[in-house]
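# Chain and residue survey
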Amino acid sequence: MTAAILVTGGGGVGKTTVSAAIAVTAARRGLETLVLTVDPARRLAGALGIAELGAEPSKVAEEPLLWAAMLDATSSWEAIARRHADPAVADRLVNNDLFAAATGQFPASQSYAAAEEATRFVKDGRWDLVVVDTPPSAGGIEFFTAPANMTDLIGGRLLRWLTGGKMPGRRFFFDRAARPAIRIADAVLGAGLFERVAQFLMDLRTTYDGIAASSKEIEGVLSTAQTLIVTTADPTPMREAIRFFRDLPANAQHPTSVIFNRSLPVAWVGARTADQDDELAANLARWSLESARQQRLRSQFSDRYSTEITTIDWKPTAPTDLDSLEALLTTAGGYSLENLWD
Ligand SMILES: Nc1ncnc2c1ncn2[C@@H]1O[C@H](COP(=O)(O)OP(=O)(O)O)[C@@H](O)[C@H]1O
Ligand SMILES: [Mg+2]
């Protein structure tokens, strides 16, 4: 069976880097591993060999068991429509100007499309481990609520929003008396609008069964995956991490660990020196205070949310090659991420 690890957290905290680090390490420990990455920095993409490749997994050169693919962060409603509607219907849907107008109201589609993509690879069975980096829009809880939201949306909310009532049949649309608002719109905008609205809703409705079935599958995968939250000791990502614990839906696992990335070395705590005339010593004193603050914050967090904590050091240079990615894990403190697959 394929194990899945989901790496979530606020923007810019190191999700993509940590996902790659876990995948490199797992591959080097003998697991056939796929990392699904989102928006990697250019040098990191280069190291994974996905600079010019797309959404299909490809082997990473010089790392026999490692595969990588890009999760398309822009893939959204169009991809969903194409996956769940007949080709002709999908064409008609995405070319309907109402499609863009209506779907633009619902950003949940990006999380959903990413979750659907990740599920496809977990179900594939080719890998021992799939590590999923989550898109920025889904850094928090959205990744877990997306499947239910989508089903709800296509099955009801979107259609109610558009029609103001239950999903109507075609006859309803042509019973103009039933929709005075549309009758007026038609008079003002021309009769074509009316037909396009009807067609749009009919076409959209055909995607429902596919989306409902695939949402169930996604929820199954999400409910057995190990979840990691990445944060730094800064207020904004911390708020995101806390929100995750507060709003965690029942179908998601309690996070396996919270990773405090870019942590200052614990050895700096108490490394203050009395000689404040020395510029270097003064800096060390400042960083020693900051390191102590970070340590306090982590232990408060761990007590409050009864969770494991992993610390990853703040490296002097951005870890973008395979060896320095692996080093992130081998020098990590607290809960060992190698426990994830042991
Ligand atoms: N432990 C670390 N030490 C030093 N730089 C890091 C560390 N983790 C991440 N970075 C750098 O921080 C930046 C943001 O990391 P990234 O993984 O792209 O974040 P996210 O995917 O959460 O947006 C990148 O330039 C990355 O190289
Ligand atoms: Mg990223």
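As shown above, the structure is provided for reference.
Read on for an overview of the structure. If you're wondering where the values come from, they're calculated on a predicted model, not measured in any experiment.

About the criteria used
The residue count restarts for each chain, going from 1 along the sequence in the order it is written. As a convention, the first chain written is A and the first ligand written is 1, with the rest following in written order. Residues qualify for local features only when their pLDDT is at least 70, as the model is predicted, and side-chain atom pairs are given and counted only at 80 or more; totals for whole chains, interfaces and linings, by contrast, use all residues. The burial label depends on the number of other C-beta atoms within 10 Å of a residue's C-beta. Counts of 20 or more mean buried, 12 or fewer mean exposed, and intermediate counts mean partly exposed, with C-beta atoms placed from the backbone. A run of H or I in DSSP counts as a helix once it spans at least four residues, and a run of E counts as a strand once it spans at least two, with each numbered from the N terminus. The directions considered for the arc are those from the helix axis to the C-beta atoms. The contact rule is simple: place each C-beta atom from the backbone, and if two of them lie within 7 Å, those residues are in contact. We count a residue as near a molecule or strand when its backbone-placed C-beta atom lies within 6 Å of that partner. The classification used treats Ala, Val, Leu, Ile, Met, Phe, Trp, Tyr, Cys and Pro as nonpolar, Asp, Glu, Lys and Arg as charged, and all other residues, Gly among them, as polar. When DSSP finds at least two bridges between two strands, those strands are taken to pair. Angles shown run from 0 to 180 degrees and are taken between the N-to-C directions of axes, each axis being a line fitted to C-alpha atoms and, for helices, limited to the stretch in contact. For classification purposes, an angle smaller than 35 degrees is called roughly parallel, one larger than 145 roughly antiparallel, one from 65 to 115 roughly perpendicular, and anything else oblique. Note on terminology: a nonpolar core is any set of buried Ala, Val, Leu, Ile, Met, Phe, Trp, Tyr and Cys residues joined through C-beta atoms within 7 Å. If you view the pair so one helix is near and one far, a crossing is left-handed when the near helix is turned anticlockwise from the far one by less than a right angle, and right-handed when it is turned clockwise.

Owing to its 3.6 residues per turn, the α-helix brings residues three or four apart onto one side. Burial in helix α14 (residues 322–330) covers these residues: Leu322, Leu325, Glu326, Leu328 and Leu329. The arc that holds every buried residue of α14, seen down its axis, measures 145°, which confines them to one face. Opposite its buried face, α14 presents the exposed residues Asp323 and Thr330, each directed more than 90 degrees away. On its buried face, α14 sits against α1 (15–28), α2 (42–48) and β8 (309–313).

Our next topic: the site of ligand 1. Of all residues adjacent to ligand 1, which total 16 residues, the nearest are Gly14, Lys15, Thr16, Thr17 and Ala318. Only α1 and β7 (257–263) provide two or more residues apiece to the shell around ligand 1. For the shell around ligand 1, the leading source of residues is α1, giving three residues. Here the residues of the shell around ligand 1 sort into seven nonpolar, six polar and three charged.

Here we take up the sheet that holds strand β5 (residues 129–133). Here nine strands make up an open sheet; going across it, the order is β3-β4-β2-β5-β1-β6-β7-β8-β9 and the pairing mixed. Whereas interior strands pair on both sides, the edge strands pair on one side only; in this sheet they are β3 (58–59) and β9 (333–334). In the sheet, strand β2 (residues 33–37) pairs with strand β4 (residues 66–70) via five bridges, with the strands oriented parallel. Following the sheet pairing, Leu36 is matched in β4 by Ala69.

Attention now goes to the pairing of strand β6 (residues 226–231). Of all six residues that make up β6, five are buried, and the element is covered over most of its length. Pairing of β6 with β7, which is carried by four bridges, proceeds in the parallel orientation. Across the sheet, the residue bridging to Leu228 is Ser257, located in β7.

Here we take up the packing of α1 against α14. The contact between α1 and α14 brings their axes to 8 Å, and the two run at 95°. It follows from the interaxial angle that α1 and α14 lie roughly perpendicular. Contact with α1, carried on its side by Ala20, Ala21, Ile22, Val24, Thr25 and Arg28, involves Leu322, Leu325, Glu326, Leu328 and Leu329 of α14 and no other residues of that element. Of the residues in the contact of α1 with α14, the class split is eight nonpolar, one polar and two charged.

Moving on, we get to unusual backbone geometry. Glycine aside, residues mostly have negative phi, and peptide bonds are mostly found in the trans state. At Asp39, a residue that is not glycine, the phi angle is positive and equals roughly 45°. Tracing the sequence through the fold places Asp39 in the loop between β2 and α2. For Glu62, which is not a glycine, the phi torsion comes out positive at approximately 70°. Mapped onto the secondary structure, Glu62 falls in the loop between β3 and β4.

Our next topic: the pairing of β8. For a regular strand, side chains alternate in direction, first toward one face of the sheet and then toward the other. In the sheet, β7 pairs with β8 via four bridges, with the strands oriented parallel. Bridging across to β8, Ile259 finds its partner in Thr310. Inspection of the sheet shows β8 paired to β9 by two bridges, in the antiparallel sense. Looking at the pairing, Thr311 lines up with Gly333 of β9.

Counting residues in hydrophobic clusters, the biggest one holds 78 residues, and the most contacted among them are Ile5, Ile22, Ala23, Leu36, Val130, Val131 and Val132. Take this core: its biggest share by element is eight residues, from α1. Residue contacts for Ala23: discarding those within four places in its chain leaves Thr33, Val35, Leu66 and Val131.

The next point concerns the packing of helix α3 (residues 77–84) against helix α4 (residues 87–95). In contact at an axis separation of 8 Å, α3 and α4 are set at 155° when each is read in the N-to-C sense. The orientation of α3 with respect to α4, classified from their angle, is roughly antiparallel. In this structure, α3 crosses over α4, and the sense of that crossing is right-handed. Facing Glu78, Ala81 and Arg82 of α3, the residues of α4 in contact are Ala90, Leu93 and Val94. Residues belonging to the contact of α3 with α4 are distributed by class as follows: four nonpolar, no polar and two charged.

Relative to the assigned elements, Pro255 resides in the loop between α12 (235–247) and β7. In this structure, the C-alpha to C-alpha distance between Pro255 and Leu6, residues 249 residues apart in sequence, is 9.5 Å. Excluding residues that lie within four positions of it along the chain, Pro255 makes contacts with Thr227, Leu228, Ile229 and Thr307.

Nothing here speaks to function; it is all geometry.
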